[in-house]
Amino acid sequence: MANDPERFDTMLLAMAQQHEGGVKDLLSTIVGFLARKTDFFTGGKEGEWEKVVKDTFYAHAKKAREEAEKIKKEKDEAEKRLKDIQQRKEQERLAQDFEPATVTEITDQEAAKMQEDIEKDNKMKSEEGSGEGASSDKESDSIPDEEDDPKEKGKLKPNAGNGCDLENYRWTQTLEEVELRVPLRQVVRPRDLNVIINKRHLKVGIKGQPLIIDGELDADVKVEESTWVLQDGRNLLVNLEKVNKMNWWSRLVTTDPEISTRKINPEPSKLSDLDGETRGLVEKMMYDQRQKEMGLPTSDEQKKQDVLKKFMEQHPEMDFSKCKFN
């Protein structure tokens, strides 16, 4: 504690606030105190006090320059990492947008069969038009209302970025990453911030003040690809790279209120721009997410159950009553 260089900061800040002339007036007060109450200028050899002042000021000036260079280097590295990640994502998006389309040739017989199926489908729709109202009522009765689902009660509707707007911060998400914006309500420097990103834990705050965020993340993140940067001295931007890129987060940290991932909008306009294979993968992920939340089997689990059921039907002579299936 005796060697703590910041132990008198509170006292000196209080003094500095009472000097309208700034640092010059503050120094004048301190030097005047040394002249009036000590033998600083008269107790030593000729020129000794000048050497002490010079050495002291130069030593602290060197530390200040080193600290400023360190902060600038850290800021430049953080901005470079953020820029690299954004450029990589943009390149991936462009690669998807300009991926060449594939054409599959079909025979004349297959084309005729497809046309016949289309005509049959249109005919069935026209015949069932009169009973459409009744059938839609039955279907709506069979589909559980999200508002009536006990698992959905109390969950918030996602914001426009598929995240949540909270009192002290706002977060949004894509399948690849989570973006966190924290308004700091005061001008700070990067070194004044306390930002610690771990695989499953996040701490965000200003040094010397209670943490704004201190909790377990909703899922694992890639620490080496997650970055933060201070914008305009007042806004903190944190980018968290998801490990599992097939899952929507229902909250940033476990102490936050949950959002309904069933109401997430994956930007259909962009979804339609994807190639067939990627779009199918995203749609399958969304279906599996909804199935899990309703306690129902995912598409892969359903396929396994169908294969097992078919096998049991093909082998009625076998007794499965004592078998246990996961």
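Computed from a predicted structure; not experimentally measured.

(A) The arrangement of the overall build of the protein in detail. For the protein, the count of helices and strands is 8 helices and 8 strands. Here the protein holds 326 residues, and 23% of them are scored as buried. Considering only intrachain contacts with a sequence separation of at least 6, the fraction spanning at least 24 residues in the protein is 52%. As displayed, the protein offers around 24,100 Å² of accessible surface, 52% of which is attributable to carbon and sulfur atoms.

(B) Broad picture of the sheet that holds strand E6 (residues 213-216). Here 3 strands make up an open sheet; going across it, the order is E4-E5-E6 and the pairing antiparallel. Bordering the open sheet on either side are strand E4 (193-197) and E6, each of which pairs with just one other strand. Direction aside, neighbouring strands of the sheet carry axes that sit 5° apart on average.

(C) Local environment of the pattern of salt bridges. Under the defined criterion, the tally for this structure stands at 12 salt bridges. Linked by salt bridges that have partners in common, Glu 152, Lys 155 and Arg 262 make up one network.

(D) Highlighting the nonpolar core. Ranked by size, the top nonpolar core spans 32 residues in total, and within it Trp 171, Leu 180, Leu 240 and Leu 252 carry the most contacts. Going through the elements one at a time, strand E3 (177-183), E4, strand E5 (201-206), strand E7 (221-231), strand E8 (235-242) and helix H7 (276-293) are the ones with two or more residues in this core. Leave out the neighbours within four places in its chain, and Leu 252 touches Tyr 169, Trp 171, Val 178, Leu 180, Ile 213, Glu 216, Leu 217, Asp 218 and Leu 240.

(E) Structural view of the packing of aromatic side chains. Here the structure, examined in full by the defined rule, presents 2 aromatic pairs. Ring plane angle 80° and centroid distance 5.0 Å describe the contact between Phe 40 and Phe 41, whose orientation is recorded as edge-to-face. Accessibility expressed as a relative area gives 26% for Phe 40, which makes it partly exposed. Taking the centre distance of 4.9 Å and the plane angle of 75° together, the rings of Phe 41 and Trp 49 count as edge-to-face. A relative accessible area of 29% means that Phe 41 is categorised as partly exposed. By the ring-pair criterion, three or more aromatic residues cluster together here, those being Phe 40, Phe 41 and Trp 49.

(F) Inspection of the environment of Thr 174 at higher detail. Its location among the elements puts Thr 174 in the loop between strand E2 (170-173) and E3. Between the alpha carbons of Thr 174 and Gly 163 there is a distance of 9.1 Å; along the sequence they are 11 residues apart. With residues up to four places along the chain from it excluded, the contact list for Thr 174 reads Lys 242 and Trp 248. A distance of 3.2 Å separates a polar atom in the side chain of Thr 174 from the backbone nitrogen of Glu 176.

(G) Expanded view of unusual backbone geometry. In this structure, Asn 162 takes a positive phi of about 65° despite not being glycine. Here Arg 185, not a glycine, exhibits a phi torsion of approximately 65°, which is positive. Within the secondary structure layout, Arg 185 lies in the loop between E3 and E4.

Rules used throughout
Residues numbered from 1 in each chain as written. Predicted model: local features only at pLDDT ≥ 70, side-chain atom pairs only at ≥ 80, totals over all residues. Heavy atoms only, no water. Helix = DSSP H or I, 4+ residues; strand = E, 2+ residues; numbered from the N terminus. Buried < 20%, exposed > 50% of the residue type's maximum accessible area, 1.4 Å probe, protein only. Contact = heavy atoms within 4.5 Å. Areas by Shrake-Rupley, 256 points an atom, 1.4 Å probe, with all protein chains shown as cover. Pairing = 2+ DSSP bridges. Axes fitted to C-alpha atoms, helices over the stretch in contact; angles between N-to-C directions. Salt bridge = Lys/Arg side-chain N within 4 Å of Asp/Glu carboxyl O. Core = buried A, V, L, I, M, F, W, Y, C linked by side-chain atoms within 4.5 Å. Phe/Tyr/Trp six-rings, centres within 6.5 Å; stacked < 30°, edge-to-face > 60°. Polar contact = N/O pair within 3.5 Å; in protein donor to acceptor, adjacent residues only side chain to side chain.

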